[in-house]
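Architecture and fold: a report
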Amino acid sequence: MGMQFRDMRIPIETFRLPNGLFVTLSEDHTAPIVAVNLWYHVGSANERAGRTGFAHLFEHMLFQGSENVGANEHFELIQRAGGTLNGSTWLDRTNYFETVPSNQLAVALWLEADRMARLLPAMTQQKLDTQRDVVKNERRWSVDNQPYGTWWEKLPALAYPTEHPFHHSLIGSMEDLSAASLDDVAGFFRTYYVPDNAALSIAGDFDPDEARSLVERHFGPIPRGGPRPPLPPMDVPATFGTTLRQVVADEVMLPRIFLAFRSPVFGSREYYAASVCSAVLGMRKGSRLHRALVREQQAAAEVHAFTFDLPKGSDLLVIDATARPDVSGEALERAVFEEVDRLVAGGVTPEEMDRAVALIQTEFVSAMQSAGDRADKLSMFATYLGDPRLVNEQLDRYREVSASRVNAFARERLTAANRAVLLYVPREGEAGELALAGSAATSE
Amino acid sequence: MKADVAAGKRPAPGPPREYRFPRFERRRLDNGLTLLVAPVAKLPLATALMVVDGGATADAEGLEGAATLTAQLLLEGSMATPLGAELTEKFERLGAAVDAHASWDAAIVRMTAMTDRLEPAMALFAEVLTTPAFPPREIERLRAERLAELLQLRAEPRGLADEMFERFTYDAASRYARPDGGTEATVRSITREDIAGFYERRYRPGGATLIVAGDVSVDHVERLARSMFGDWTGGAPAVALTTDAPARPSRAVHVVAKEGAPQSEIRIGHPGVPRMHPDYFPIVVMNAVLGGLFSSRINLNLREAHGYTYGAFSEFDWRRQAGPFVVSTAVKSDVTAAAAGEILLEIDRMRAEEIGEEELSLATSYLDGVFPIRFETTASIASALASFIVYGLPDDYFDTYRAKIRAVTRGDVLEAARAHLHPDALQMIIVGDPESTMAPLEAMGFGPVAVHAADV
């Protein structure tokens with residue numbers, strides 16, 4: 001036992017089954033835990049017109065059983081095995097994952113294989129209707145009844161052209177969710193849920209020969225899929241060419257801005273400069289935006305920056321700032337712009353670079369402690385870039401980013417010619433109660 | 001059953017491999033500071049965590065929020081580094097991720113860093129804990145940020161429901177009846193002297209524990225602690241307690257008005273039991289069956305059978321005194337009363353008869369099996385050790401946990417349900433649209449229904 005990854009490189013072994021399934025194995029025997037993680041290269045981008053939200057609704061259906069598994073039995077079997085599990089849907093991928101005691105690896109693999117091989121016999125109208133209601137409630141919970149919740153659909157809609165696969169809503173409209181049918185389920189399954197459109201990763205405590213033979217036994221017989229319809233063109237110009245701006249008067253108490261920039265795609269050389277720039281701007285409290293807007297000017301109550309990590313078309317770098325009660329949406333927007341302009345004009349300091357890279361390193365290594373996180377990262381690099389071994393190069397890629405590369409990125413991508421502003425402001429009569437009480441208290 | 005037909009195809013598990021919670025060693029410095037070190041050699045990483053008896057329960061009446069502000073302000077300036085911006089930068093240039101907060105029962109400062117920078121990071125960690133400066137400007141800023149947070153809460157149904165639930169559930173004299181971060185009035189009235197006084201009374205090595213988990217040796221941590229915390233003085237403060245009495249003896253419905261809301265946030269519960277209650281293990285298993293697991297009765301009923309919600313769950317919030325038992329969900333407005341009715345039905349059913357053998361084995365095998373998965377990271381190991389300290393759990397707690405879970409019987413679960421679920425005392429909080437929910441709620445006959453404003 002003992003130290004596994006002191007040099008921060010994890011062991012990685014890969015193979016591909018004849019049916020096209022790409023498999024990554026990564027051993028770690030420090031605890032009797034193993035993670036199984038399966039990425040399907042399909043997301044909301046693959047939805048056809050009139051079926052927004054379908055990729056995610058479909059993800060729910062994958063927990064409704066398959067030929068040899070009853071409805072909700074997937075959850076029950078994994079939990080009975082002492083494991084955790086879930087799935088998630090993103091713009092261009094859907095993942096399913098389990099972490100289980102290592103003696104239960106076969107159960108987790110069998111469950112994933114049964115639904116990849118034999119989902120449709122278990123699908124019924126009633127299950128679809130129930131999951132449709134569940135997803136509509138998920139929409140109400142995360143979007144409609146949550147302040148600023150619509151940003152998830154408004155920002156991509158603003159930042160990608162109408163015909164672009166990333167433009168439309170991931171959670172979907174109520175109308176489109178209502179329209180989804182069992183035929184849609186069957187078509188989507190046959191097209192996208194095939195071994196040659198998936199990457200399977202196993203990380204943790206297992207015997208590699210045994211894992212390989214389990215994968216071959218359970219996934220080997222599943223036939224390869226047919227041709228998949230190509231996505232509409234993903235490429236967009238490197239910048240918006242202007243500042244796009246949308247103001248949303250909503251049921252919120254404080255203004256909040258989402259400022260998006262088109263940014264180099266995930267995995268590209270300049271992605272790492274963008275990522276470091278994002279950390280300089282808005283990672284933790286020593287970041288430039290936090291220091292300027294929250295600490296010094298006190299224009300914002302909180303601020304963060306992050307990237308969507310999309311590997312095709314264009315990634316987005318997003319700044320998310322919420323105003324303090326006495327600050328208007330316009331003043332908040334101005335304050336954010338000023339800081340971004342300052343970075344474009346003056347560049348980053350060596351100290352800011354050190355801080356950003358040091359924090360990225362701690363965060364990356366912290367995440368690698370968990371078998372589930374390791375397996376997910378392996379699937380991500382396998383799916384997006386075709387090589388999970390790139391996981392082991394990440395820290396070097398970040399460390400080799402120079403200040404001049406960050407500055408070049410900022411000059412190219414953070415200017416007024418590449419901004420999309422989504423600004424939430426309180427609807428008439430919503431804001432200011434506490435602020436008024438505040439001014440009354442201080443004027444005594 | 002299809003399951004039987006398919007049974008032959010299902011792989012059987014192999015023999016389980018043994019797991020032990022990381023070994024940890026306890027030492028004590030001359031000033032009374034306890035050290036707890038868990039060497040975990042996997043990645044060159046360590047988490048340092050200081051547990052101080054300075055949780056929100058220790059807030060003086062009228063000064064609720066002082067514990068939270070005090071904890072946050074530790075990171076906003078020290079004697080040697082009086083500027084918060086500079087202090088933050090020092091931590092972050094070392095790649096040290098640090099945060100500080102007050103829970104109900106403790107103040108916790110937690111830092112994760114790469115081991116090659118652990119020593120300077122620990123020196124800063126000691127600096128903020130032993131010589132905080134509490135700069136007036138940062139106090140005003142954090143106060144304003146808390147007021148902004150309270151304002152946001154009025155429009156944020158989930159957080160609002162959580163706060164309103166505790167207000168309607170606990171006696172007005174209970175600290176639990178008011179938000180842990182304080183109310184607008186109390187946060188406005190806290191002075192720098194209140195914060196410095198809170199620190200003086202509660203942040204004392206005699207009542208504090210330094211936990212370090214990660215790629216470290218016990219001796220090395222002890223050497224660091226001696227040189228960095230050796231000058232810190234003060235005996236243990238008296239344990240902070242509040243009343244955990246309920247607000248009212250009988251069931252009532254409290255609608256918190258959010259006109260036109262598409263969904264109702266529901267919280268149904270009552271004061272639960274203290275963490276060190278002898279029925280802890282039966283209660284944990286009972287709750288898993290009732291609403292703790294995805295395959296629990298409440299979630300399968302509300303989500304999978306009725307499609308009312310994206311998710312529904314129950315929990316006992318464990319505190320030194322009786323934290324709440326609460327069922328939480330969000331449902332479409334027009335099924336609010338029906339969903340609340342189903343929740344009550346499941347609580348009643350839990351008390352009416354023994355659970356099935358399959359339900360028991362699902363809950364116990366889950367809780368038993370998932371135990372090692374809960375401790376994969378240095379941060380989660382350090383946090384588990386913090387609970388161990390705060391609640392004074394026995395030394396063999398982690399080594400006997402799984403056996404104690406497996407020993408729970410169906411009879412134990414029924415007894416726990418009958419002893420600790422009180423259907424007639426449930427407070428039912430609905431954050432939602434009064435117009436569409438009031439009449440159906442009244443028609444269900446749950447108890448008196450009152451409408452309140454969202455004035456957290």
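Cut-off values and rules
- Residues numbered from 1 in each chain as written.
- Chains lettered and ligands numbered in written order.
- Predicted model: local features only at pLDDT ≥ 70, side-chain atom pairs only at ≥ 80, totals over all residues.
- Helix = DSSP H or I, 4+ residues; strand = E, 2+ residues; numbered from the N terminus.
- Rg over C-alpha atoms; globule rule 2.2 N^0.38 Å.
- Buried ≥ 20, exposed ≤ 12 C-beta atoms within 10 Å, placed from the backbone.
- Contact = placed C-beta atoms within 7 Å.
- Pairing = 2+ DSSP bridges.
- Axes fitted to C-alpha atoms, helices over the stretch in contact; angles between N-to-C directions.
- Parallel < 35°, antiparallel > 145°, perpendicular 65-115°, else oblique.
- Nonpolar A, V, L, I, M, F, W, Y, C, P; charged D, E, K, R; others polar.
- Left-handed = near helix turned anticlockwise from the far one by under 90°.
- pLDDT = per-residue confidence, 0-100.
- Core = buried A, V, L, I, M, F, W, Y, C linked by C-beta atoms within 7 Å.

On a plain count of helices and strands, chain B comes out with 17 helices and 12 strands. Whereas a compact globule of 456 residues would reach a radius of gyration of roughly 23 Å, chain B reaches 24 Å, a difference of no more than 12%. Taken along the three principal axes of its C-alpha coordinates, chain B extends 65 × 60 × 35 Å. Classification of the 456 residues of chain B by burial places 56% in the buried group. The long-range fraction of contacts in chain B, counting pairs at least 24 apart against all pairs at least 6 apart in sequence, stands at 82%.

Before going further, it helps to spend a moment on the interface of chain B and chain A. Of the residues lining the interface, 69 residues belong to chain B; the matching set on chain A comes to 69 residues. Ranked by the residues each element gives to the side of chain B that touches chain A, the list is headed by helix α5 (residues 136–155) of chain B, at 10 residues.

The next point concerns the sheet that holds strand β7 (residues 252–257) of chain B. Residue and element names in this part refer to chain B. What the six strands build is an open sheet, ordered β9-β10-β8-β11-β7-β12; its pairing is mixed. Looking at which strands have only one partner, the edges of the open sheet turn out to be β9 (309–316) and β12 (449–452). Pairwise comparison of adjacent strand axes, ignoring direction, gives a mean angle of 15° for this sheet. On the sheet, helix α10 (residues 280–292) packs against β9 and β10 (324–332) and is oriented at approximately 165° with respect to β9.

All names here are of chain B. The contact between α10 and helix α11 (residues 297–305) brings their axes to 5 Å, and the two run at 0°. As summarised for this structure, α10 and α11 are arranged roughly parallel, according to the angle between their axes. Between α10 and α11, the contacting residues are Val289, Leu290 and Gly291 on the first element and Arg297, Ile298 and Asn299 on the second. In terms of residue class, the contact of α10 with α11 is built from three nonpolar, two polar and one charged.

A few words now on unusual backbone geometry. Although it is not a glycine, Gln298(A) sits at a positive phi angle of roughly 55°. Note on Gln298(A): 17 C-beta atoms within 10 Å, which makes it partly exposed.

All right, on to the packing of α10(B) against helix α13 (residues 357–369) of chain B then. Residues and elements named next belong to chain B. Following both chains from N to C, one finds α10 and α13 inclined at 115°, their axes separated by 9 Å at the closest point. It follows that α10 is roughly perpendicular to α13 by the angle criterion. Classified by chirality, the crossing of α13 by α10 is right-handed. Across from Val284, Val285, Ala288 and Val289 in α10, the residues of α13 making contact are Glu359, Ala363, Thr364, Tyr366 and Leu367.

Here the focus is the pairing of strand β6 (residues 198–204) of chain A. All names here are of chain A. Burial analysis of β6 places seven of its seven residues in the buried class, which makes it a mostly covered element. Pairing of strand β2 (residues 22–27) with β6 involves six bridges; the strand directions are parallel. Each bridged residue has a counterpart across the sheet, and for phenylalanine 22 the counterpart in β6 is alanine 199. Pairing analysis gives seven bridges linking strand β3 (residues 33–40) to β6, with the strands arranged antiparallel.

Let us now look at the pairing of strand β11 (residues 418–426) of chain A. Regular strands show a simple pattern: their side chains alternate between the two faces of the sheet. All names here are of chain A. For β11, a buried count of eight out of nine residues is recorded, marking the element as mostly surrounded by other parts of the structure. Where strand β7 (residues 242–250) lies against β11, nine bridges are found, and the strand directions are parallel. Opposite threonine 243, over in β11, you have arginine 419 as the bridge partner. Across five bridges, strand β8 (residues 256–263) lies against β11 in antiparallel orientation. Paired with arginine 256 across the bridge in β11 is tyrosine 424.

Residue and element names in this part refer to chain B. Of all nine residues that make up α11, eight are buried, and the element is covered over most of its length. All buried positions along α11 are accounted for by Arg297, Ile298, Asn299, Leu300, Asn301, Leu302, Arg303 and Glu304. Where α11 ends, the next residue or the one after it, glycine 307, has phi of about 65°, a positive value.

Residue-level pLDDT values for chain A average 94, and 95% of them are 70 or greater. Counting interchain partners and residues more than four positions distant, the pLDDT-below-50 stretch residues 432–444 of chain A has nine contacts.

A word on the nonpolar core. Among the nonpolar cores identified, the biggest contains 291 residues, and Val276(A), Leu293(A), Val51(B), Ala121(B), Ile211(B), Val285(B) and Leu385(B) are the most heavily contacted of them. Discounting chain neighbours no more than four positions away, the residues touching Ala121(B) are Phe91(B), Leu94(B), Ala96(B), Met111(B) and Ala113(B).

All names here are of chain A. Pairing is mixed in the open sheet, where five strands are placed in the order β7-β11-β8-β10-β9. Of all strands in the sheet, those with a lone pairing partner are β7 and β9 (300–307), marking the two edges. Sheet twist, expressed as the average angle between the axes of neighbouring strands with direction ignored, equals 15°. Here seven bridges tie β9 to strand β10 (residues 315–323), and the two strands are oriented antiparallel to one another. Among the inter-strand pairings, alanine 300 is bridged to a residue of β10, identified as alanine 323. Sheet contacts for helix α11 (residues 329–346): β8, β9, β10 and β11; angle to β10, the most-contacted strand, approximately 130°.

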